[in-house]
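Each chain, written out:
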Amino acid sequence: SSCIALADLHGDGENKLVVGDLGTGASNMKLKVYRGTGLLSENTLLDLPTGLVSFLMDQHEPRTPAIAVASGPFIYIYKNLRPYFKFTLPTLEVNPLEQDVWSQAREVRKAIFSYIFSLTFLVLPYIIFRFLMLEPQDMEPYVNLHKQQPIRRQTVITCIGTLKKNMADEDAVSCLVIGTESQEVYILDPEAFTILSKMSLPSVPTLMDVTGQFDVEFRITIACRNGNIYILRRDSPKPKYCIELSSHPVGLVRMGKNVVVGCAQETLHGYTQKGKKLWTTYLPAPVTTMAVLDLPTRGFQAVLVALASCEVHVYRDKNLVSTIKTPDVVTSICFGRYGREDGTLIMTTKGGGLIVKILKRTAVFDERDSAPGPPIAQSIRLNVPKKTKLYVDQTMRERENAVAMHRAFQMDLSRMRLAAARAYVKALESSLTPMSASLTEPLKMNAVVQGLGPTFKLTLNIQNTAASRPVMNLAISFLYDENLYSMKTAFFKIPLLVPGLNYPIDTFVECLSDKGISDIIKVFVLREGKSAPLLTAHINMPVSEGLALN
């Protein structure tokens, strides 16, 4: 996304798409301008572009922006789509040891070659770097060809951006901001292309976002190769804040006063401009590129995140508000005014395709998160009322009588536990529970009543929960009000119970009353030779609707 930009190149109110085409990587690099989906013009580039921006250099009429293309150690300035100026980064200081070796190259000897090989731990100048790549038989001719040339150590540009000079207007003059391989950031004057400011970083910058004005106050947010994000401010030659990430950043955009970072671990993080983490969202696929979706007319701002799964997700803060399917993996993305349409999304794909989508004027973005998870209301702070005088008095009473209140609570808790234990023991002793407490006959029983009446079907499900021991010589007895209910058989024997199997036992109950009342039927599981039941179940019978209808 650093090699595409939208600009009104001819001052006619119609924005064009400017693309830095990488070609094959070694040749056929071009600067292309598109109008709609058709190619308008192209210029040949001498080297691979690392970044491309459009900016206004001066206040002259007509107000047509220039195009700055960063390539190697140079910035090529195009105005009216023609070469205008070439800026070269200042050379770095050459190591004295390298300079001494190269000055002795007039007397070519093997000792000197081995001496040059010993310099590989240094940041080598280009001429020595090329020398070390040669075959041994080609080294002497190479030295004879270049030994009269002074060696220079040249850095290259890794990222580029723009910074307003003294006004925040859209058509204000802008400065160029460049990050270099030598871990430095330069701010260039837009007219004379002199270095206005120079700042140092702990690592090589890879991604950049710039906001503010150079003459007033500005912030430069930079993602570096060491996996950290640094924030530079005016009159500060070194970073003011540092954000340490768990993985390397692959995308960096700014939304208002917050910074949104896409990381290699398929995550999206939100930070304040001072480095405090606000939220984290997990993505379904790795991030390929990111951009800002800004609609000032609607007051809507979101983040466009292109994924390796051929999708583009639109996030407002951490909420997923829309998903766009693409036919191929998106490698660069841009949103803004294209032609005469304000809301245009432009994407280029891995296979070399160009996708242009126009936002409908009637489009409505839902604030709800379309991704599965907790609702938005969960993250909204509750409107907690102010503390009343009663609340304050109660708090003071609890502080003053904390020990007595705790002792009273513990006493009540102990009494409740004692009452529960007594009730449980009483239920076990009287076999009032649906599970047997006997170790020799571990049984479990539940009952199901079916029907509307006056005849009900009563099903008892009995199960032997022992590990391997069967249970035999059991019987079932029913106790009920004979004025309300009638059963053909109120007592019958149970067959042998095999462990683990469920035995359903059915019987029929007939309701004799027509007054619409019901009662409890007690079920006892008995063992021959014992007076106390093994299990007891109380069945709440439903009201007989059949008699009520009659």
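The rules we used
Residues numbered from 1 in each chain as written. Predicted model: local features only at pLDDT ≥ 70, side-chain atom pairs only at ≥ 80, totals over all residues. Heavy atoms only, no water. UniProt positions renumbered as here; feature names shortened; annotations may be inferred. Helix = DSSP H or I, 4+ residues; strand = E, 2+ residues; numbered from the N terminus. Buried < 20%, exposed > 50% of the residue type's maximum accessible area, 1.4 Å probe, protein only. Lys, Arg positive; Asp, Glu negative; His and termini not counted. Salt bridge = Lys/Arg side-chain N within 4 Å of Asp/Glu carboxyl O. Polar contact = N/O pair within 3.5 Å; in protein donor to acceptor, adjacent residues only side chain to side chain. Contact = heavy atoms within 4.5 Å. Pairing = 2+ DSSP bridges. Axes fitted to C-alpha atoms, helices over the stretch in contact; angles between N-to-C directions. Patch = residues over 30% accessible without salt bridge, like charges linked within 9 Å, V, L, I, M, F, W, Y side chains within 5 Å. Areas by Shrake-Rupley, 256 points an atom, 1.4 Å probe, with all protein chains shown as cover. Core = buried A, V, L, I, M, F, W, Y, C linked by side-chain atoms within 4.5 Å.

Within an unreviewed UniProt entry, the label attached to the protein reads BBSome complex member BBS1, and the organism entered is Astyanax mexicanus. A UniProt comment under Subunit (unreviewed entry) is attached to the protein, and it reads "Part of BBSome complex, that contains BBS1, BBS2, BBS4, BBS5, BBS7, BBS8/TTC8, BBS9 and BBIP10. Interacts with the C-terminus of RAB3IP. Interacts with CCDC28B and ALDOB. Interacts with PKD1."

A.B. asks: Can you walk me through the side chain of Asp8 in this structure?
C.D. replies: Tracing the chain through its elements places Asp8 in the loop between β1 (4–7) and β2 (16–21). One buried charged residue, Asp8, forms no salt bridge at all, with the nearest opposite charge on Lys16 at 5.0 Å. Polar side-chain contacts of Asp8 include one of 3.3 Å to the backbone nitrogen of Asp12. Discounting chain neighbours no more than four positions away, the residues touching Asp8 are Gly13, Glu14, Asn15, Thr64 and Pro65.

A.B. asks: How should the sheet that holds strand β20 (residues 277–282) be read in this particular structure?
C.D. replies: Whether parallel or antiparallel, the strands of a sheet pair through hydrogen bonds between backbone atoms. The 4 strands lie next to each other as β17-β18-β19-β20, forming an open sheet whose pairing is antiparallel. In this open sheet, the two strands that pair with only one neighbour each are β17 (249–255) and β20. This sheet shows a mean twist of 20° between the axes of neighbouring strands, independent of strand direction. Relative to strand β19 (residues 267–272), strand β18 (residues 258–263) is paired through 6 bridges, and the arrangement is antiparallel. Among the inter-strand pairings, Asn258 is bridged to a residue of β19, identified as Thr272.

A.B. asks: Honestly, a nonpolar patch on the surface in this entry has me stumped. Any pointers?
C.D. replies: A cluster of nonpolar side chains, contributed by Met472, Leu496, Val498 and Leu501, occupies part of the molecular surface with about 320 Å² of accessible area. Within the secondary structure layout, Met472 lies in the loop between β29 (455–464) and β30 (474–479).

A.B. asks: Explain the nonpolar core here, please?
C.D. replies: General note: in soluble globular proteins, nonpolar side chains tend to be found buried as a group. Counting 29 residues, the largest nonpolar core has Leu443, Ile476, Phe478, Tyr485, Ile494, Leu497 and Val523 as the members making the most contacts within it. The residues contacting Ile494, other than those within four sequence positions of it, are Ile462, Leu474, Ala475, Ile476, Ile505 and Val525.

A.B. asks: Is there a simple way to explain the sheet that holds strand β26 (residues 341–349) in this structure?
C.D. replies: Taken in spatial order, the 3 strands of this open sheet run β25-β26-β27, and their pairing is antiparallel. The open sheet is flanked by β25 (330–338) and β27 (354–358), the only strands paired with a single partner. Within the sheet, the average angular offset between the axes of one strand and its neighbour, ignoring direction, is 20°. Alignment of β26 against β27, held across 5 bridges, turns out to be antiparallel. From the neighbouring strand, Leu345 faces β27, where its bridge partner is Lys357.

A.B. asks: I tried to follow the environment of Ala70 on my own but got confused; where do I start?
C.D. replies: Position of Ala70 relative to the elements: it lies in strand β6 (residues 66–71). When near neighbours in sequence (up to four residues on either side) are disregarded, Ala70 contacts Leu48, Pro49, Thr50, Gly51, Ile75, Ile157 and Ile160.

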